[in-house]
Amino acid sequence: MNTYDEEILSTNTYNDTSKKINDKRIRLKLLQIPFDSLNKTIPSTQHIEKDSSVGTSLSRVNSHYSENVDHVQHAQQKLNQLIQTGDWPYYMTSGDFNNDGSLDLATTSNFDGDISALLNSRNGTFQYYVRFVIAAGLYLICIASDDFNKDGKLDVAICNEFLKSIQIAFGTGNGAFAYVLQYSMNNSSTFISPGNFNNDGYLDLAVTIESSRTIVVLLNNKNGTFRVQRTHNIIRQPFALTTSNFINDGKLDLAITDTSISRNDMINYVTVLVGNGDGTFQIETLFKTGGRP
């Protein structure tokens with residue numbers, strides 16, 4: 001290495017060292033700037049808005065932020081509302097019970113034996129409207145809603161545990177109910193689900209009877225009254241059920257949860273009954289699930 005090269009190296013080393021020292025001094029000076037002075041060095045938002053497009057963006061961000069905060073606070077107020085119902089509401093269903101285009105709620109009261117209708121105020125809040133007595137002081141369990149007599153007004157079907165019956169309350173179209181029909185069961189029902197099981201265009205009912213391990217199908221007489229079509233005995237102890245066309249053949253099927261106590265509590269079953277399209281079903285198929293679905 002020649003002398004010239006050594007001088008260049010020495011100069012570069014000095015310059016690098018000097019630069020590092022200066023950088024440290026600059027950082028120290030920045031750290032020593034008083035907070036008040038720092039605030040004075042930052043232009044106000046109003047000043048930025050006058051001098052550049054950055055202010056316009058900041059203004060929009062602030063505006064959107066304020067709007068979002070308002071929306072969140074308004075949503076929290078809605079979520080925090082408490083609505084009075086009958087004593088010990090047990091099951092709930094939704095539907096447009098007063099035909100105003102907004103979904104309302106209806107609950108059964110396990111101790112009072114009545115239905116509580118909660119009407120939507122068209123903004124996601126609900127008002128307590130009416131208590132319709134089905135059977136005072138008796139246990140109402142599950143509730144399902146649909147237009148069973150095709151008059152354009154929603155009705156409800158209810159499992160009455162104490163009377164061992166299914167009760168149909170017909171809607172008046174203004175959030176209230178007019179009268180009740182009752183259908184006796186051999187044992188207390190636990191769950192009910194509507195569906196057009198015989199493909200006649202009218203909604204029928206499927207009911208679980210937990211104690212006797214049976215599914216009862218009530219077929220609609222095309223006027224909102226029902227007749228018992230058939231009782232299906234199943235292996236497992238049924239509780240909840242749902243209806244759908246699981247095999248895409250145009251016929252409604254049933255899926256039923258199992259509350260039987262097995263040797264291994266971690267294994268229970270869902271029972272599937274494939275519909276024949278006439279209100280009857282094929283032999284059940286069992287599918288394993290976790291404990292007590």
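Below you will find a few notes about this structure. All values reported here derive from a predicted model rather than from experimental measurement. (Residues numbered from 1 in each chain as written. Predicted model: local features only at pLDDT ≥ 70, side-chain atom pairs only at ≥ 80, totals over all residues. Heavy atoms only, no water.)

Comments concerning the overall build of the chain
The condition that has to hold: In this description a helix means any DSSP run of H or I spanning at least four residues, a strand means any run of E spanning at least two, and both kinds are numbered starting from the N terminus. Residue burial is assigned from relative accessible area. The probe radius is 1.4 Å, only protein chains are included, and a residue is buried under 20% of its type maximum, exposed over 50%, and partly exposed in between. The contact rule is simple, with two residues in contact once any of their heavy atoms fall within 4.5 Å. Reported accessibility uses the Shrake-Rupley method at a 1.4 Å probe radius. Residues are deemed covered only where the shown protein chains occlude them.
Counting secondary structure elements, the chain contains four helices and 16 strands. With 293 residues in all, the chain has 39% of them scored as buried. Sequence-distant contacts in the chain: of pairs separated by 6 or more residues, those separated by 24 or more amount to 40%. Surface accessibility of the chain: about 17,200 Å² in total, with carbon and sulfur atoms responsible for 52%.

Section: the nonpolar core
Rule in force here: Nonpolar core, defined: a set of buried Ala, Val, Leu, Ile, Met, Phe, Trp, Tyr and Cys residues in which side-chain atoms within 4.5 Å join the residues together.
The biggest cluster of nonpolar side chains holds 44 residues, and the ones touching the most others in it are Ile115, Val156, Ile166, Ile168, Ile192, Leu205 and Leu254. With near-sequence residues (within four places) excluded, isoleucine 168 lies in contact with Phe148, Val156, Ala157, Tyr179, Val180, Leu181, Tyr183, Leu205 and Phe226.

Description of a nonpolar patch on the surface
Stated formally: Residues enter patches when they are more than 30% accessible in relative terms and free of salt bridges; like-charged ones are connected within 9 Å and nonpolar ones (Val, Leu, Ile, Met, Phe, Trp, Tyr) within 5 Å. Any Lys or Arg side-chain nitrogen located within 4 Å of an Asp or Glu carboxyl oxygen qualifies as a salt bridge.
On the surface, Phe111, Tyr139, Phe162 and Leu163 cluster together into a nonpolar patch covering about 360 Å² of accessible area. The exposure class assigned to leucine 163 is partly exposed, which follows from its relative accessible area of 33%.

A word on the environment of aspartate 147
Operational definition: Polar contact is defined as a pair of N or O atoms within 3.5 Å, subject to the rule that within protein one atom must be able to donate a hydrogen and the other to accept it, and that residues adjacent in sequence are counted only when both atoms are side-chain atoms.
Within the fold, aspartate 147 resides in the loop between strand 5 (140-146) and strand 6 (155-160). Using a relative accessible area of 18% as the deciding quantity, one classes aspartate 147 as buried. Separated by 77 residues in sequence, aspartate 147 and glycine 224 have C-alpha atoms that sit 8.3 Å apart. Sequence-distant contacts of aspartate 147, defined by excluding residues within four places in its chain, comprise Gly152, Lys153, Leu154, Asp155 and Leu203. There is a polar contact of 3.3 Å between the side chain of aspartate 147 and the backbone nitrogen of aspartate 151. A polar contact of 2.8 Å, which involves the side chain of aspartate 147, links it to the backbone nitrogen of glycine 152.

Quick notes on the pattern of salt bridges
Two side chains that carry opposite charge are able to pair once their charged atoms sit near each other. This structure, assessed with the given rule, holds two salt bridges. For arginine 122, the salt bridge identified is with aspartate 100, shortest N-O distance 3.5 Å. You can see arginine 122 sitting in the loop between strand 3 (114-120) and strand 4 (126-133) and its partner aspartate 100 sitting in the loop between strand 1 (89-95) and strand 2 (104-109), a full 22 residues away along the chain. Here aspartate 258 and arginine 236 are joined by a salt bridge, their closest N and O atoms 3.0 Å apart. Of this pair, aspartate 258 sits in strand 14 (residues 253-258) while arginine 236 sits in the loop between strand 12 (226-233) and strand 13 (238-244), placing them 22 residues apart in sequence.

Looking at the sheet that holds strand 15 (residues 268-273)
Quick reminder of the rule: In short, DSSP must find at least two bridges between two strands for them to pair. Note on method: axes are straight lines fitted to C-alpha atoms, helices fitted across the in-contact stretch only, with angles between N-to-C directions ranging 0 to 180 degrees.
Strands sit in the order 13-14-15-16 across an open sheet of four strands; the sheet is antiparallel. Looking at strand neighbours, the two that pair on one side only are strand 13 and strand 16 (285-289), the edges of this open sheet. The sheet shows a mean angle of 25 degrees between the axes of neighbouring strands, direction not considered. The pairing of strand 13 with strand 14 spans five bridges and is classified as antiparallel. By the bridge assignment, threonine 242 is partnered in strand 14 with alanine 255.

Here we look at the sheet that holds strand 11 (residues 214-220)
Sheet architecture is open: four strands sit in the order 9-10-11-12, paired in antiparallel fashion. Single-partner strands in this sheet number two, and they are strand 9 (191-195) and strand 12. Taken over all neighbouring pairs, the strand axes of this sheet differ in orientation by 20 degrees on average, direction set aside. As defined by bridge partners, strand 11 adjoins strand 12 across seven bridges and the pair is classed as antiparallel. Bridge pairing in strand 12 places asparagine 220 opposite phenylalanine 226.

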